[in-house]
Every structure is written in C-alpha cells, then in structure tokens.
Amino acid sequence: MGERTVAQEALFYGFSIDRHVPANHLLRSIDRFVDLSGLRAHLRPFYSEIGRPSIDPELMIRMLIVGYCFGIRSERRLCEEVHLNLAYRWFCGLGLEGDVPDHSTFSKNRHGRFRDSDLLRELFETTVRRCIEEGLVGGEGFAVDASLIKADANKQRSTEGSETVDWEAMAETSRSVQEYLDTLDDAAWGAASETKPKFISRSDPAAQWTGAMKGHAFFAYTTNYLIDLDNAVIVDVEASRAIRQAEVGAARTMIERAQDIFGLYLDRLAADTAYGSAEMLGWLVQERGIEPHVPVFDKSERRDGTFERADFAYDHERDLYTCPGGKELRSRQVAYKNERPLVDEDGMVRYRASKLDCDACALKPQCCPNAPARKIPRSIHEGAHNMAHDIAKDRVPGSGVSGIHSHR
Ligand code: SF4
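Once a new chain begins, its residue numbering starts again from 1 and follows that chain's sequence as written. Residue-level local features of this predicted model are given only where pLDDT is at least 70; pairs of side-chain atoms are given and counted only at 80 or more, and the full residue set underlies all totals for whole chains, interfaces and linings. To get the side-chain values, all heavy atoms of the structure are used, and hydrogens and water are removed first.

**Regarding the packing of helix α3 (residues 57-69) against helix α4 (residues 75-84)**
Between two packed helices, both the angle of their axes relative to each other and the distance between the axes serve to describe the pair.
Here is step 1: Where helices are involved, their axes are fitted lines through C-alpha atoms of the stretch in contact, as for all axes, and angles between N-to-C directions lie from 0 to 180°. Think of it this way: any DSSP run of H or I at least four residues long counts as a helix, any run of E at least two long counts as a strand, and we number them from the N terminus. The N-to-C vectors of α3 and α4 enclose an angle of 100 degrees; their axes lie 10 Å apart at closest approach. Considering their axes alone, α3 and α4 lie roughly perpendicular with respect to each other. Touching Met 63, Leu 64, Val 66 and Gly 67 of α3 are Glu 75, Leu 78, Cys 79 and Val 82, all from α4.
Here is step 2: Classification used: nonpolar for Ala, Val, Leu, Ile, Met, Phe, Trp, Tyr, Cys and Pro, charged for Asp, Glu, Lys and Arg, polar for all others including Gly. Here the contact of α3 with α4 is composed, by residue class, of six nonpolar, one polar and one charged. Oblique is the label for any angle not covered by the other classes, which are roughly parallel (under 35 degrees), roughly antiparallel (over 145) and roughly perpendicular (65 to 115). Note on contacts: a residue pair qualifies if any of its non-hydrogen atoms lie within 4.5 Å across the two residues.

**Let's talk about helix α6 (residues 104-111)**
Here is step 1: Each residue is assigned to one of three classes by its accessible area relative to the maximum for its type, calculated with a 1.4 Å probe on protein chains only: buried under 20%, partly exposed between the two thresholds, exposed over 50%. If you check which residues of α6 are buried, you get Thr 105, Phe 106 and Asn 109. Down the axis of α6, the buried side of the element spans an arc of 100 degrees, and every buried residue falls inside it. Directions from the helix axis toward the C-beta atoms define the arc.

**Observations regarding the site of the ligand**
Here is step 1: Every residue close to the ligand is listed here: Cys 323, Gly 325, Lys 327, Ala 353, Asp 357, Cys 358, Cys 361, Lys 364, Cys 367, Cys 368 and Arg 374.
Here is step 2: Within this scheme a cavity is a closed region of a 1 Å grid, computed over the protein atoms alone, that accommodates a 1.4 Å probe without allowing it to escape, whereas a pocket is open but has protein on both sides within 12 Å along at least five of seven lines; lining residues each have an atom within 4 Å of a point. Put plainly, a molecule is in a cavity or pocket when over half of its atoms are within 2 Å of the grid points there. Comparing atom positions with the cavity grids shows the ligand to sit within the largest cavity.
Here is step 3: Put simply, the parts of the chain that give the shell around the ligand at least two residues each are α13 (355-359) and α14 (364-367).
Here is step 4: Each residue belonging to the shell around the ligand can be placed in one class, and the counts come to six nonpolar, one polar and four charged. Throughout this document, a residue counts as near a molecule or strand when at least one of its heavy atoms sits within 4 Å of that molecule or strand.

**A look at the sheet that holds strand β11 (residues 328-329)**
Here is step 1: Any two strands with at least two DSSP bridges between them are considered paired. Ordered by their spatial adjacency, three strands build an open sheet running β9-β10-β11, and the pairing between neighbours is antiparallel. The sheet is open, and its two borders are formed by β9 (313-315) and β11, each paired with just one other strand.
Here is step 2: Pairing of strand β10 (residues 320-322) with β11, which is carried by two bridges, proceeds in the antiparallel orientation. Residue pairing in the sheet places Thr 322 in a bridge with Glu 328 of β11.

**Quick notes on the nonpolar core**
Here is step 1: Buried Ala, Val, Leu, Ile, Met, Phe, Trp, Tyr and Cys residues form a nonpolar core when they are joined through side-chain atoms within 4.5 Å. Membership of the largest hydrophobic core comes to 29 residues, with the highest contact counts inside it found for Val 144, Leu 226, Val 235, Ile 255 and Leu 269.
Here is step 2: Every element with two or more residues in this core is listed here: α8 (119-133), β1 (141-150), β6 (233-241), α11 (244-262), α12 (278-287) and α15 (382-393).
Here is step 3: Ranked by the residues each element gives to this core, the list is headed by α11, at six residues.
Here is step 4: Among the nonpolar cores identified, the runner-up in size contains 28 residues, and Leu 27, Met 60, Ala 87 and Trp 90 belong to it.

And the structure:
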C-alpha cells in the first residue's frame, strides 16, 4: 500500500517551467510569432518618470492574447487562470513566482494609457503589416462586412426617441455623452440618417436601438471588418453606429485607410446588399476603380406589361435613350421658366420623350398609357450599378462570393 502521501512544502524546487509546456501547445506556436518589441517605445511618453513602477504593458497584452485564444472574456477570470495555469504563466513570462496584475489594471489602462496612445490600433496595424510581409495578404480580392456588438446600455435607463433631452448638460458629467456629441455631425457615424430611433440610451446615446437580429431589440454598436480573401486576414476594423449609413461610411473609411497605411489597392470588393446603394457603387467604381461584387436589385421591372427600361437603348456618346418607337429621350427636352437642376437630390437624371412624339405614337398604350410622355430615370451611378449587376449574374456557384474567381 505504501505510505500515505502527505503534502509537504519543500524549501527548494528545481523546476523549469519551460520543460512543462508541451511542444505542441497552442501558445508555443503563437509565441514564435509574437513580437511586442515596439510596444514599450510607443507607450513611453504615456508613463510617468516618477512614482511607483507600473505593470509591464507587454504582460497585459500577452494576457489579453491568452484570453482571446482561450475564450476567456472576463478579465477577472483571466487573472485567475493566468495565476494557476503553467502554460499561461510561461507565455506571459511570469515564471512560477511572478505576480499576476489585478483585474482592474486592464480597465484602468484601457480607459487611460491604451486609449490615449491608441495602443490597440498600433498593435493591430503592426500585426497586419507582419501578415503582409509574410505574404499572407493577397491584396486583390476583399470583403467587407459588419457584425453587431451588444452595448452595455440598459433599456430601463433610456428615453423615447421623440423626447427632447438636454444632451449638452448631460455631457458635462458623462464622457460617453460628450463623445456622442463630438461625432454627431460625422457622416461616418450616420449623421446623414434621418431615421429616428425608438429609444435612446441616456448613459450611452451613441448606441443604437436595433431589432436587426430578428429577436428582441437591444442597444448595439457595429464592428465593421475589411477582409483580404486569400487567407481571411482582417486588414482593417472600424466601430460604428448600428445603422446602414454608418456601416457604409465605415467601409469607405477602411478602404481609404488600407490604401493610405498599407498601400493596399483593392481590385474587387465582395459585400452584401446593404452596400449596394447606387452612391456606394458609384464611389467604388468611379472613384476607387474597384470591381463591386455586390448583389443589386433591378427596380425598373414593370409588372403591368408596359415597356420596361431595358426596352430603351442608351447611347453613351450622345447621352440619350432611343425608345421602341425609334424616338429620342433626352435629359433636357423642356426649357423651364425656373431652371431645375439636371440631377436631383437622389442623384437621378430624368430623360423625357417629346409629348408631340408620344401623342402621335401607335405604341403609346404599351408605353405610357397614363402619362402625356414617357420618362426614364437614370442614376448618375448607373454604370457602376450595371457593372455590379453583370458581375452578380456571373456568380460562381459555391464560391460564396459573386463571381470573385471568374474575374481574376
Ligand atoms: S409612346 Fe413615346 S416613348 Fe413610347 S414608344 Fe411611343 S414615342 Fe416612344
């Protein structure tokens, strides 16, 4: 039976933590690539020369990597796990005896130094740069998407969207309200949207009341991602309000930034219908030279049997349509007393047939039975829309991305 085992505190141990971390442990594979050498230099201006020494920022970032890799979302739990787990201790460089920081250190730094120095952005960009150097980023086909992040805002402490609130007064005591006011006119934050939310959170007014998940509505933000499709490397990320305009604005910001920072010139962009507005397609094609792989709907279809827009032929050179009766529709047929703008606020130009032509036309009952003459609206971004439409028709089954491979 042997002697009963009695736990005894030894005075000295000969122990190598490195020997106890298996060769195939995930953290070993990660450790080979983690290089946080630039971290201290980046943060130096944000630390004081005097006072008690602070917690090593590299230790905190390594702990956050552990939390991310092993799905430990609570920082309190993360501290306990790192304290007890040998492999985590080894990865964080704590040895057997090293002290694990208190969990409150994370939130203090996140709201303080990390935020002021934009440290997490710096780390993110360093990582993407490394992926580019290692050849993991193809730099041609990209995708953009958004996902909802539940905000830490309570419906009980919200107000109806139609109620008047003195935000200026509230901003004096609340940082989140001040930040909300600072970004209120920022188009990328959805300033252009006229949608009135049903509820507004008093503690975090930038959070959006959304029912987008089909279940119960809640306050949320959006994280937007720009992803290189070769190896699914996220090359940029941007937080925004959870409304479509803001998400489209964030997509533009990311596309511009990926070019400015990393020199990534996108050839193709895959996205869902939310990004298929005529304006966004026009921006992609005309301003950035990017092929849009975005499903678009043709709203010009008619169900009453009259001629559809597709029955009218557009002549690019002369900028006019020719109708099935062989007549021309131009954008300026009528001389108005009060001159109207050619392009309306939605970016549409109207091409009109002459009333004289239509009155005398045998095809009128099939064309414009209830109007004096036929009109064809055309978006100034029509070319981009048509391009997206043609690419979507070309969709390669099973690729998950409309036509992305066929256009290589
Ligand atoms: S009704 Fe007018 S627009 Fe239509 S086919 Fe005849 S001439 Fe052309």
